[in-house]
Amino acid sequence: MKVEFLGGFQTVTGSATLLEKDSLLWLVDCGMFQGGRAIEERNRNVHPYHPRELSFILLTHAHIDHSGLIPKLVKEGFRGKVICTKATFDLCEVMLKDSGHIQEIEAEWQSRKNKRSGREDTAPLYTAEDAEKSLRYFQTVGYDEILSLSDGVKIRFQDAGHILGSALIEIWVEEGGQEKKLVFSGDLGGSGQPIIRDPSPVVEADILWLESTYGDRLHKSREETVQELLKIILEAISQQAKVVIPAFAVERTQDIIYTISQLMRKDLMPSIPVYIDSPLAISATEIFKKNPDCFDEETKGLLLGGEDPLELPEIKYTRTTEESKAINEDPKSGMIISASGMCDSGRIQHHLKHHLWRSESHIVFIGYQAEGTVGRRIVDGAKTIRLFGEEIAVRAQVHTLGGFSAHADQRGLLEWLSHFRNPDLQVFVNHGEEKISMELSEIIHQRFKFRAAVPQWREKRFLFTPLESPAACSGDKGNFVMGANTGFNGPCKPSRWRAKGLLTGFTPEKRVVPGEKIEAVESPEERWSSLLKNLERGYKKLRGKLKMRRSKRGDIRDAEWLKELEEVSKKLEELEERL
Ligand SMILES: [Zn+2]
Ligand SMILES: [Zn+2]
């Protein structure tokens, strides 16, 4: 059996893992890359398979970074089944269409830009119509139900506690007359999240794919986080200011509504207008109400008692752009919950434009902000943010409340992992920034003695195949073949397969042998962007160091230094002229 790590490796977005067993080829998740042009270019890259060859896609949950490329695959010939829970299907119905719509708008915008510079039009990755068409390939499965997909492959979806309908997936495969078990954690929620049930513990597995979004940190407790939010709201009320919350349309928005409804029920805050300014969030809230079987006991109890925890006295759903614009004309205090959660698109950008520069406004981040996104830049302390061609000063009070996260923190991940009983468990740590995944993999090895590794994007491995070369994998117990210089047990940089082989699917004869030179798989766009980043970083560092030297005075009189700097500056000028 073989695996190729296609997405969600060393990044949180673009989740996808390709599995191959005999002639059967399938994916677990099929997500879109998000966070800047270089990484998003991967969405257009050729797949290492033809979509027609895939028999099915097992979908952990509806978030676009897990489901977003399904319409593209269907458009390109996928005719298998997308298997997911019913709530995931309901959510995908609105989220994929919304995503198609965003793709159309972005392609239109890009084409207008291209026209001005004499270049060709950009086609959308897929349209809202493509998304609609892709829905007919979905097949739903209940939690805990065992489904046989083909000879020797069975699956079961269990609660992942991340968002409505989210699942971790267990896969049983027959290999060499033995049954082996793979588990994909999907995105894993922390315990005690409101509305939905906690992640189900899993006891048995041979190989686990574990997410690591927050693998390096501990969230504050929910109690503390709610208190922090309450303090922010009360302060905003006293100053007649607004609280702007960028939130994923699904789950985070409903979590905030739920929390506010509880605060009001306990009379801890007065009723204020709460604007849900995201058509997607509005549809998602309706879908929540349609799927009460996914709720936890507490929420079911509230519903039984006649209370709707997703209702507020002054909740205002704004569907039209006019209604959305009117929010900021209202001088009274209020809360604005809008998408996208990472501020890269959507109506939230208009609200940021209105509030970032106001010192009395509060911007509250409650979800993960991926590298390269507008949200991440604000959280990282940018002084200005460019929105709609305008530089906006960041003077508002910016807060990050980790306790509302839909992802388990390090403690939660390790706690969930502690249920596994197999001492030979092998763990692929994914869905995290590289440094964080590495750190978690090290901790997993130290604490549980499980073999853990952080695969690279588009790396390929054999699963359950007898080891051919002892040097190919030091420290391995013999059933897990990896590339040269790789090893489980802590942070390691596994080698990649040769780029040539990647485009034609699995090619066992291309297996990397120790000492073989490995070509990096990087598109020209990615190379371009990483070079630019390097240059920027290098320039900043240089400036800092020069400043320090200037303060010492002696150094700036050094003729050799001056000469070298002159050369660098000349080289840059030359480059600029040529461009
Ligand atoms: Zn997710
Ligand atoms: Zn995710």
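Residues numbered from 1 in each chain as written. Chains lettered and ligands numbered in written order. Predicted model: local features only at pLDDT ≥ 70, side-chain atom pairs only at ≥ 80, totals over all residues. Heavy atoms only, no water.

Visitor: Teacher, can you tell me more about the overall build of the chain here?
Guide: In terms of regular secondary structure, the chain is built from 17 helices and 23 strands. By the burial criterion, 54% of the 579 residues in the chain qualify as buried. Contacts in the chain between residues at least 24 apart in sequence constitute 73% of all its contacts with a sequence separation of at least 6. Total accessible area computed for the chain in this model is approximately 26700 Å², and 51% of it derives from carbon and sulfur atoms. (Helix = DSSP H or I, 4+ residues; strand = E, 2+ residues; numbered from the N terminus. Buried < 20%, exposed > 50% of the residue type's maximum accessible area, 1.4 Å probe, protein only. Contact = heavy atoms within 4.5 Å. Areas by Shrake-Rupley, 256 points an atom, 1.4 Å probe, with all protein chains shown as cover.)

Visitor: Looking at this model, I keep getting lost on the coordination of the zinc ion (ligand 2). Mind explaining?
Guide: Ideal values differ by geometry: the angle at a metal is 109.5 degrees with four tetrahedral donors, but 90 or 180 degrees with six octahedral donors. Only Asp65 (OD), His66 (NE2), Asp187 (OD) and His431 (NE2) from the protein coordinate the zinc ion (ligand 2), and they sit 2.1 to 2.4 Å from it. If you look at the zinc ion (ligand 2), its four donor atoms make angles of 91 to 155° with each other, and the shape they trace is irregular. In primary-sequence terms, the residues that donate to the zinc ion (ligand 2) follow D-H-x120-D-x243-H. Taken as an interatomic distance, the gap from the zinc ion (ligand 2) to the zinc ion (ligand 1) is 3.4 Å; Asp187 donates to each of them. With Asp65 in helix 2 (residues 64-67) and His431 in the loop between strand 20 (426-430) and helix 14 (434-448), this pair connects stretches of sequence that are 366 residues apart. We note that Asp65, like His431, is buried. (Donors = N, O, S within 2.8 Å, 3.2 Å for Na, K, Ca; no water. Tetrahedral: all angles 85-135°; square planar, octahedral: opposite > 155°, others 65-115°.)

Visitor: Help me understand the sheet that holds strand 8 (residues 153-159) in this model?
Guide: In sheet architecture, strand pairing relies on hydrogen bonds along the backbone and comes in two forms, parallel and antiparallel. The strand order across the open sheet formed by seven strands is 7-8-9-10-11-20-21, and the pairing between neighbours is mixed. Each of the sheet's edge strands pairs with one partner strand only, and the pair in question is strand 7 (146-150) and strand 21 (451-453). Within the sheet, the average angular offset between the axes of one strand and its neighbour, ignoring direction, is 20°. Bridging between strand 8 and strand 9 (residues 167-175) involves seven bridges; their strand directions are antiparallel. Considered in strand 9, the bridge of Ile155 is made with Ile171. Sitting on the sheet, helix 13 (residues 410-417) is in contact with strand 9, strand 10 (178-184) and strand 11 (207-211), with an inclination near 165° to strand 11. (Pairing = 2+ DSSP bridges. Axes fitted to C-alpha atoms, helices over the stretch in contact; angles between N-to-C directions.)

Visitor: Honestly, the packing of aromatic side chains in this entry has me stumped. Any pointers?
Guide: Each aromatic ring pair is characterised by the separation of its centres together with the angle its planes make. According to the stated counting rule, one finds nine aromatic pairs in the structure shown. With centroids separated by 5.1 Å and ring planes inclined at 55°, the aromatic side chains of Trp209 and Phe428 adopt a geometry described as tilted. Taken as a pair, Trp209 in strand 11 and Phe428 in strand 20 lie far apart in primary sequence, 219 residues in all. Pair check on accessibility: Trp209 and Phe428 agree, each one buried. What links up through ring pairs into an aromatic cluster is the set Phe5, Phe184, Trp209 and Phe428. Sitting over the ring of Trp457, Arg42 keeps its end group 3.6 Å from the ring centre. Over the ring of Trp172 we find Lys154; its NZ or CZ atom is 6.0 Å from the centre of that ring. (Phe/Tyr/Trp six-rings, centres within 6.5 Å; stacked < 30°, edge-to-face > 60°. Lys NZ or Arg CZ within 6 Å of the ring centre and 35° of its normal.)

Visitor: Even after reading the chapter, I still don't get helix 8 (residues 279-290), so can you show me in this structure?
Guide: Residues spaced three or four apart along an α-helix face the same direction, because each turn holds 3.6 residues. Between its first and last C-alpha atoms helix 8 spans 17 Å; for 12 residues at 1.5 Å apiece the expected length is 16 Å, and the two agree. When we look at burial in helix 8, the residues that qualify are Leu280, Ala281, Ile282, Ser283, Ala284, Thr285, Ile287 and Phe288. Buried-residue contacts for helix 8 involve helix 4 (86-116), helix 7 (252-265), strand 13 (274-277) and strand 14 (315-317). (Expected span 1.5 Å × (residues − 1).)

Visitor: Just checking my understanding: could you explain a negative patch on the surface for this structure?
Guide: On the surface, Asp558, Glu560, Glu564, Glu566 and Glu567 cluster together to form a negatively charged patch. Position of Glu564 relative to the elements: it lies in helix 17 (residues 559-578). (Patch = residues over 30% accessible without salt bridge, like charges linked within 9 Å, V, L, I, M, F, W, Y side chains within 5 Å. Salt bridge = Lys/Arg side-chain N within 4 Å of Asp/Glu carboxyl O. Lys, Arg positive; Asp, Glu negative; His and termini not counted. Charge placed at Lys NZ, Arg CZ, Asp CG, Glu CD.)

Visitor: How should I be thinking about the sheet that holds strand 14 in this particular structure?
Guide: One open sheet accounts for six strands, arranged 14-13-15-12-16-19; its pairing is parallel. The two strands at the open ends of the sheet, each matched to only one other strand, are strand 14 and strand 19 (397-400). Direction aside, neighbouring strands of the sheet carry axes that sit 20° apart on average. Along the sheet, helix 6 (residues 222-238) makes contact with strand 12 (242-246), strand 15 (334-338), strand 16 (362-365) and strand 19, crossing strand 16 at roughly 160°.

Visitor: Looking at this model, I keep getting lost on helix 14. Mind explaining?
Guide: For helix 14, built from 15 residues, the straight-helix expectation of 21 Å at 1.5 Å per residue is met to within 8% by its first-to-last C-alpha distance of 21 Å. Among the residues of helix 14, Ile436, Ser437, Met438, Leu440, Ser441, Ile443, Ile444 and Phe448 are the ones counted as buried. On its buried face, helix 14 sits against strand 11, helix 13, strand 20 and strand 21. Lys449 occupies a position one or two residues after helix 14 and carries a positive phi of about 65°.

Visitor: Looking at this model, I keep getting lost on the coordination of the zinc ion (ligand 1). Mind explaining?
Guide: Within the protein, the zinc ion (ligand 1) binds to His61 (NE2), His63 (ND1), His162 (NE2) and Asp187 (OD); these donor distances fall in the range 2.1 to 2.3 Å. One can describe the donor arrangement at the zinc ion (ligand 1) as irregular, given that its four donor atoms subtend angles of 92 to 166° at the metal. Mapped onto the sequence, the donors of the zinc ion (ligand 1) take the spacing H-x1-H-x98-H-x24-D. Residue classification places His63 among the buried residues on the basis of a relative accessible area of 8%.

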